[in-house]
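Listed here are the chains, written in short residue letters.
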Amino acid sequence: MASAAQLPLFYNGLEPLSSDTHAKYKVRPQDSAPFLVGQHAVPITVDEFPLVQRHMPIVFSVGDDAIPLALMGLNEGVNVFMGDDGKLTENTFYVPAYVRRYPYMLARLHPDAQELSLCFDPTSDALGESDEGDALFDNGQPTEVTKAILAFNESFEQAGARTQNFMKELREMDLLMDGEVSIQPDGADQPFVYRGFQMINEEKLIDLRGDTLRKISKSGMLPLLYAHLFSLSLMRDIFARQVQLGKTPQPQLNG
């Protein structure tokens, strides 16, 4: 079991899924995600940039181990796409894979383990011994439902590896810079200035030449960088939604 300090966002615990211990477990139908209410930033993979940039701003967290984040709000505790009932307020919204993966994830059961095991958060009510839902095991063997969950988690891990390589390239090219967005609402004396995140330095990107430019163009990295840059205009849309919801912004983003 992982300690609380080691657990990723949303997870309160991790338990390996076992055909012995969880032989009677079923996946229960879920129509809400209460764990997402008030969550303003969600990790995403580079595979998702083209879809995410249509709905949410894409930024990068601060620090040396920066990761891409989709902003669902500009302030801590604000998610403009979720109702208080834990349901999305839009039908066509793209839900990041990190959210769809919960309550499952692949994890090493021991620090020296070579293989990743399919685990789940035992505090989630998405699975358990129940009369309704789809069985996870049948006669000790994983069902098609369990196989699909495993396949999704494996593809997520692969996308995560691609994202790590993407971030490594960004650091090597020194393309990340401290981000700042200033929004001046009508009637406000002072603009709201959001910091605490990183973004691509567009001037450095434009100045790339020769082998470096060819490399990121051939690898498919270049359009991803522009997807991020284009998405930043959505910060004003998120701000407007917060105002409309009566969730008065505070002039600081902790991305």
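This text follows the structure it describes.
Okay, so let's go over this structure. Every value quoted in this text rests on a predicted model; they were computed, and no experiment measured them.

Calculation criteria
Residues numbered from 1 in each chain as written. Predicted model: local features only at pLDDT ≥ 70, side-chain atom pairs only at ≥ 80, totals over all residues. Heavy atoms only, no water. Helix = DSSP H or I, 4+ residues; strand = E, 2+ residues; numbered from the N terminus. Buried < 20%, exposed > 50% of the residue type's maximum accessible area, 1.4 Å probe, protein only. Core = buried A, V, L, I, M, F, W, Y, C linked by side-chain atoms within 4.5 Å. Contact = heavy atoms within 4.5 Å. Phe/Tyr/Trp six-rings, centres within 6.5 Å; stacked < 30°, edge-to-face > 60°. Lys NZ or Arg CZ within 6 Å of the ring centre and 35° of its normal. Polar contact = N/O pair within 3.5 Å; in protein donor to acceptor, adjacent residues only side chain to side chain. Pairing = 2+ DSSP bridges. Salt bridge = Lys/Arg side-chain N within 4 Å of Asp/Glu carboxyl O.

### Quick notes on unusual backbone geometry
Consideration 1: Note that the residue after Y102, namely P103, is joined by a cis bond; omega there is 15°.
Consideration 2: Structurally, the position occupied by P103 is in the loop between helix 2 (97-101) and strand 6 (104-107).
Consideration 3: Phi is positive for N139, close to 55°, though the residue is something other than glycine.
Consideration 4: With respect to the helices, strands and loops of the structure, N139 is situated in the loop between strand 10 (137-138) and strand 11 (141-142).
Consideration 5: Under the relative-accessibility criterion, N139 is labelled exposed at 74%.
Consideration 6: Here D174, not a glycine, exhibits a phi torsion of approximately 55°, which is positive.
Consideration 7: Its relative accessible area of 45% is what places D174 among the partly exposed residues.

### Topic: the nonpolar core
Consideration 1: Counting 62 residues, the largest nonpolar core has F49, F166, L170, I200, L205 and L225 as its most contacted members.
Consideration 2: The dominant element in this core, judged by the number of residues it contributes, is helix 6 (residues 221-231), at six residues.
Consideration 3: If sequence neighbours within four positions are ignored, L205 has contacts with L175, I200, I216, L222, L225, Y226 and L229.
Consideration 4: Within the second largest apolar cluster, eleven residues are counted, among which are F120, L127, F137 and I149.

### Observations regarding the packing of aromatic side chains
Consideration 1: The final tally for this structure, using the stated rule, is twelve aromatic pairs.
Consideration 2: Ring centres of F10 and Y102 lie 6.3 Å apart, and the angle between their planes is 75°; on these two criteria the pair is classed as edge-to-face. Of this pair, F10 sits in the segment before strand 1 (15-16) while Y102 sits in the loop between helix 2 and strand 6; the two residues are 92 residues apart in sequence, bridging distant segments of the chain.
Consideration 3: The exposure class of Y102 is buried, given its relative accessible area of 11%.
Consideration 4: Centre to centre, the rings of Y25 and F120 are 6.1 Å apart; their planes meet at 65°, and the pair counts as edge-to-face. With Y25 in strand 2 (residues 25-27) and F120 in strand 7 (residues 117-120), this residue pair connects regions lying 95 residues apart in the sequence. One exposure class covers both Y25 and F120, and it is buried.
Consideration 5: Taken together through their ring pairs, the aromatic side chains of F10, Y11, F35, Y98, Y102 and F156 make up a single cluster.
Consideration 6: The cationic tip of R101 hangs over the ring face of Y98; the distance from NZ or CZ to the ring centre is 4.8 Å.

### Quick word on the environment of Q53
Consideration 1: Turning to its location among the elements, Q53 is positioned in the loop between helix 1 (49-52) and strand 4 (58-60).
Consideration 2: What makes Q53 partly exposed here is its relative accessible area of 24%.
Consideration 3: Taking C-alpha positions, Q53 is 20 Å from S182, a pair spaced 129 residues apart along the chain.
Consideration 4: Polar contacts involving the side chain of Q53 include one to the main-chain carbonyl oxygen of P50, which spans 3.3 Å.

### A few points about the pairing of strand 6
Consideration 1: Neither face of strand 6 is open: one carries Y104 and L106, the other M105 and A107, and all of them are buried.
Consideration 2: Pairing geometry for strand 6 and strand 7, over four bridges, is antiparallel. Note that in strand 7 the partner of M105 across the bridge is C119.

### A short note on the pattern of salt bridges
Consideration 1: Under the counting rule described, the total for this entry stands at ten salt bridges.
Consideration 2: Close ionic contact of K147 with E144 constitutes a salt bridge, the shortest N to O distance being 3.5 Å. Pair noted here: K147 and E144 are both in helix 3 (residues 144-173), with a separation of three residues, about one helical turn.
Consideration 3: Residue K147 is classed as partly exposed on the basis of its relative accessible area of 44%.

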